[in-house]
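Chain and residue survey
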Amino acid sequence: MLLPSVQRGLRIGAIAFAILTYLVLVGLPLRLGDLALPILAGAMALFFWLALRGGKSKQDVFNRQPALLFTAGLSGGLTAGLLIAALLAVFVNLTSSGVRLQPIFDKMTPPNLAALYGVAPGAIVGGELSPLAWLQQALLLTVASGVGAALVLVERWARGRPTPRISALRWIPLLLPIALFLFVLWLGMPGVTFGGNNRGTIRLLAAMVTIGAGILALRAAHPGRERQLLSLLYLAGVAYLPFTLDQFQNSVLGIVFIFVMMGLGLNIVVGFAGLLDLGYVAFFAIGAYMYAFLSAPFSSPWLSAQLQSLGIPANAPLLSFWMALPITMLAGWIGGVLLGIPVLRLRGDYLAIVTLGFGEIIRLFMLNLAELTNGPRGLLNIAPPYLFGYNLGNPRDIFILGLIGSAVIAFSAYRLDNSRLGRAWIAMREDQDVAQATGVNLVRTKLLAFAIGALFAALAGQLYAARQTNIFPENFSLFVSIDALSLVIVGGMGSIPGVVLGALALKGLPEVLRGVDEYRIVTFAALLVTMMIVRPEGIIPSTRRRRELHEEAEPVVGEDVPSVLERLAPELKSDNPDGGKK
Amino acid sequence: MALLEARGVTKVFGGLVAVSQVDLTIEERMIASLIGPNGAGKTTFFNCLTGLYKPEEGDILFDGRSIIGLRPDQITALGIARTYQNIRLFGSMTAIENILVGQHVRLRSTPLGAILQTPFTRREEQRAEKRARELLAFVGLTGKGDMLAKNLPYGDQRLLEVARALASDPKLLLLDEPAAGMNPRETEAMMHLIHRLRNELGITILLIEHDMKVVMSISDRVTVLDYGKKIAEGRPEEVRNDPRVIEAYLGPGILAETHP
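What you see is a predicted model; the values in this text were computed from it and never measured.

Looking at the packing of aromatic side chains
Under the criterion given, the structure shown has 16 aromatic pairs over all chains. A connected cluster of aromatic rings, assembled from ring pairs, spans Phe259(A), Phe284(A), Tyr289(A), Phe293(A), Tyr464(A) and Phe476(A). Geometry around Tyr84(B) places Arg88(B) over its ring, the cationic atom sitting 5.4 Å from the centre. For the cation-ring pair, Arg164(B) lies above Phe90(B), with the distance from its terminal atom to the ring centre recorded as 4.9 Å.

Next up, the structure:
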């Protein structure tokens, strides 16, 4: 039993080493500054906890034996620690002997290494590290792995407690968002210096984590009074956020929630109805351009000429943001139906390819129909929304509009999910032919999925155009579709709260992690792959998906369980053992 | 007037004539069986009746109206429902949700109504849910409504398929091998259920079945297909003694087996 634990430890240690090496190579220690050591050690302790507890069921946690756990943990920590210490020693030695590493490892600057050792950059260049510093990483990781193993034991202990204790403990995750929210407020107070130069970024991250934790807490709360109370509390907190955050933070969250709006729409098409749409950006573009035409007709050569010939002054918006809303929605709806009709008969991969083409067609249309869309020069000076003469175009108000839009769309999507149409969507996703034979009109059901999804995307597009005030075809590339699809998958297909978390993770985190800039995409690719292996159903899977992908966690119901039929059967005559031919 | 009348139905796949000039008349409140060796075209004929396939020739009248060329969902709306040989439930939906999908054609609420939760939609959903529970109880699955369809035991899945089919208020119910893969006790309970469908709900039934004990004991009339052609038709005892049927399908042993 000891040897397998050590082997397990070595494996975990190797993975930890790989992660740490990556983080060092992309220059994360430098970004974190003074906090590099504690944050990395904390993150590794969390990693060891998750790796050591293993398995997906609670049962696994109970089965962990302390001695084996610590054997695995410490051998893992020691492996990772010694490896990283050796690697860093090589880097430090090379740096101090004057070899420039930057051409290959462009983040391997002395300051980056220095941050990791907690010394001044000069010490690295001069090679003045104390002997203890060389082993610092090994020690730190061993301690982190020990903490990780201890966390597993704590979890085991907590889960094994009788219920009353647990019910007190369950308030911790429920109230965590409040603590985080207070942290966000505290960070914003004048004179607080926590995090130094990174204070704003930390605050943005904390605000995002607050929103995410709030959603998780609401899901964990008991339905009824408790959930209602917490919802009100958290709603008030989120509503207050835009007023306390600064311009940059609001602007990032504004984009996040524009993507939430879009993701919620795509979630209907892909998550509910199971229609893989890779050209979803088309509807976003339709919404944005439709609002741009209505708001800034003077940017479009053809439109302004037409308006002039009609005697309408073309130098002002035709319609306000609010008046344009129904028209944008209608345009999205029509776009959805127009895409839907030709692809009605297509399934799976073929559908994906055709929708991909559709997305590109719309973009090329915007690019080349220069008379109407002004081509690559884009449509400029789009009016921000006004309310009672008050300009809502600043990042804070756009964020608020994004929140309101997301709330309205999430609410609609939730109600649709639990309706006759929602059931038809899921039935169609499960088995299209049977759904039709059961009475579902496939044409109508599919077109409604495309149209409703497109309508939501068009709303997001209009808000986006109002936020940017200038839009160009390049804003609507394939990558927007991919982002939207990724956030739906990462959040959990078919799950409405999952979309919000997915958007925070995919559109928000990159802004927080500006530090890894050019490695951002690589980091996300790695995260996505890991995520899909470890948790294919997404962060917050819809209940349905979770059951689909983790069947083994379900109580086993199989053929050995007598069916109702069997119990209802009248007493069997013993002279007929066969019961006829099969 | 006959509830269902098929005249000269022919379905061809490439060079293979799967169903050839089949006539079939089913009167109301009848339990009719369709039997024949594997590949005789029984399920293909079912698929023609439910609109999954469009027959090359012939006409199918349901309630006096031709259903050729109608989509499957339109045919379901007219009152034909079916189950499948290899169970095809919506596995990741609960039992109740499966039945609610079955009621789809009988519900009228719109997407906008669902978003706004209009009184009409709310009432209709409540009624639909109540009806789903009743149907669940009718087939004997009370208390299993919130289980995922795919987690139900095999026999229960068959029952749920029947309940889902019943949800569309059919006049004619097509059962494709309802007793396949069941043990004798389950088979007997299924036969009992089929009787109740007819006697209590007044539903006309057409079933495909290989279990001769089931076929012979519950059918009012049996139709035999072989290589897509109808080779015999009549009361169970007539068909059982028909030499062509014995040769093509039953085999000489059947006489001994069903006359203990």
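Remarks on the sheet that holds strand β10 (residues 229–234) of chain B
Residues and elements named next belong to chain B. Pairing within the open sheet is mixed, and its six strands lie in the order β6-β7-β8-β3-β9-β10. Edge positions in the sheet fall to β6 (80–82) and β10, since each has one partner strand and no second. On average, each strand axis in the sheet is inclined to that of its neighbour by 20 degrees, with strand direction left out of account. Here β6 pairs with strand β7 (residues 172–176) via three bridges, running parallel. Opposite Ile-80, over in β7, you have Leu-172 as the bridge partner. Strands β3 (31–35), β6, β7, β8 (204–208) and β9 (221–226) of the sheet are contacted by helix α1 (residues 42–49), whose axis makes an angle of about 145 degrees with β8. Sheet strands in contact with helix α7 (residues 184–201) are β3, β7 and β8, and its direction is about 155 degrees off that of β8.

Points about the pairing of β8(B)
All names here are of chain B. Within β8, five of the five residues are buried, which leaves it mostly tucked inside the rest of the structure. The alternating pattern of β8 places Thr-204, Leu-206 and Ile-208 and Ile-205 and Leu-207 on opposite faces, both of which are buried. Where β3 lies against β8, four bridges are found, and the strand directions are parallel. Looking across to β8, one finds that Ile-31 is bridged to Ile-205. Pairing analysis gives five bridges linking β7 to β8, with the strands arranged parallel. Within the sheet, the bridge partner assigned to Leu-175 lies in β8 and is Leu-207. Taking the sense of rotation as the criterion, the β-α-β connection linking β7, α7 and β8 turns out right-handed.

Some thoughts on the pairing of strand β1 (residues 4–13) of chain B
Residues and elements named next belong to chain B. In this structure, β1 lies alongside strand β2 (residues 16–26), joined through seven bridges in antiparallel fashion. By the bridge assignment for β2, Phe-13 is matched with Leu-16. Hairpin connection of β1 to β2: two residues between the antiparallel strands, including Gly-14 at a positive phi of 55 degrees. Of the pairings in the sheet, the one linking β1 to strand β4 (residues 57–62) comprises five bridges and is antiparallel in character. Bridge pairing in β4 links Ala-6 to Ile-60.

Let's talk about the sheet that holds β2(B)
Sheet architecture is open: four strands sit in the order β2-β1-β4-β5 (chain B), paired in antiparallel fashion. Each end of this open sheet is capped by a strand with a single partner; those strands are β2 and β5 (65–66) of chain B.

What about the domain arrangement of chain A?
Along its sequence, chain A is carved into domain 1 (2–159), domain 2 (172–231) and domain 3 (271–538). Between the C-alpha centres of domain 1 of chain A and domain 2 of chain A the distance comes to 28 Å.

Remarks on helix α13 (residues 247–272) of chain A
Residue and element names in this part refer to chain A. Between the first and last C-alpha of α13 there are 36 Å, a value that for 26 residues agrees with the 38 Å anticipated at 1.5 Å per step. If you look at α13, its biggest bend is around 35 degrees, right at Leu-266. Among the 26 residues in α13, 23 count as buried, and that is most of the element. Taking the backbone nitrogen of Phe-248 as reference, a side-chain oxygen 3.2 Å away marks Asp-246 as the first, capping residue of α13. Gly-274 occupies a position one or two residues after α13 and carries a positive phi of about 70 degrees.

Focus on the pattern of salt bridges
In total, this model carries 22 salt bridges over all chains according to the counting rule given. Residue Arg396(A) is joined to Asp397(A) by a salt bridge in which the shortest nitrogen-to-oxygen separation is 3.2 Å. Under the relative-accessibility criterion, Asp397(A) is labelled buried at 5%. Note that Asp433(A) is salt-bridged to Arg88(B), the shortest N-O span being 4.0 Å. Placement of Asp433(A) in helix α21 (residues 432–437) and of Arg88(B) in the loop between β6 and α3 (95–102) is noted, with the two residues assigned to different chains. Overall, Arg88(B) belongs to the partly exposed group, its relative accessible area being 24%. Here the residues in one salt-bridge network are Asp431(A), Asp433(A) and Arg88(B), joined through shared partners.

Conventions used here
- Residues numbered from 1 in each chain as written.
- Chains lettered and ligands numbered in written order.
- Predicted model: local features only at pLDDT ≥ 70, side-chain atom pairs only at ≥ 80, totals over all residues.
- Heavy atoms only, no water.
- Phe/Tyr/Trp six-rings, centres within 6.5 Å; stacked < 30°, edge-to-face > 60°.
- Lys NZ or Arg CZ within 6 Å of the ring centre and 35° of its normal.
- Pairing = 2+ DSSP bridges.
- Helix = DSSP H or I, 4+ residues; strand = E, 2+ residues; numbered from the N terminus.
- Axes fitted to C-alpha atoms, helices over the stretch in contact; angles between N-to-C directions.
- Contact = heavy atoms within 4.5 Å.
- Buried < 20%, exposed > 50% of the residue type's maximum accessible area, 1.4 Å probe, protein only.
- Right-handed = clockwise from strand over helix to strand, strands pointing away.
- Domains from an automatic or database assignment.
- Expected span 1.5 Å × (residues − 1).
- Bend = angle between axes of the 7 residues up to and from the residue.
- Polar contact = N/O pair within 3.5 Å; in protein donor to acceptor, adjacent residues only side chain to side chain.
- Salt bridge = Lys/Arg side-chain N within 4 Å of Asp/Glu carboxyl O.

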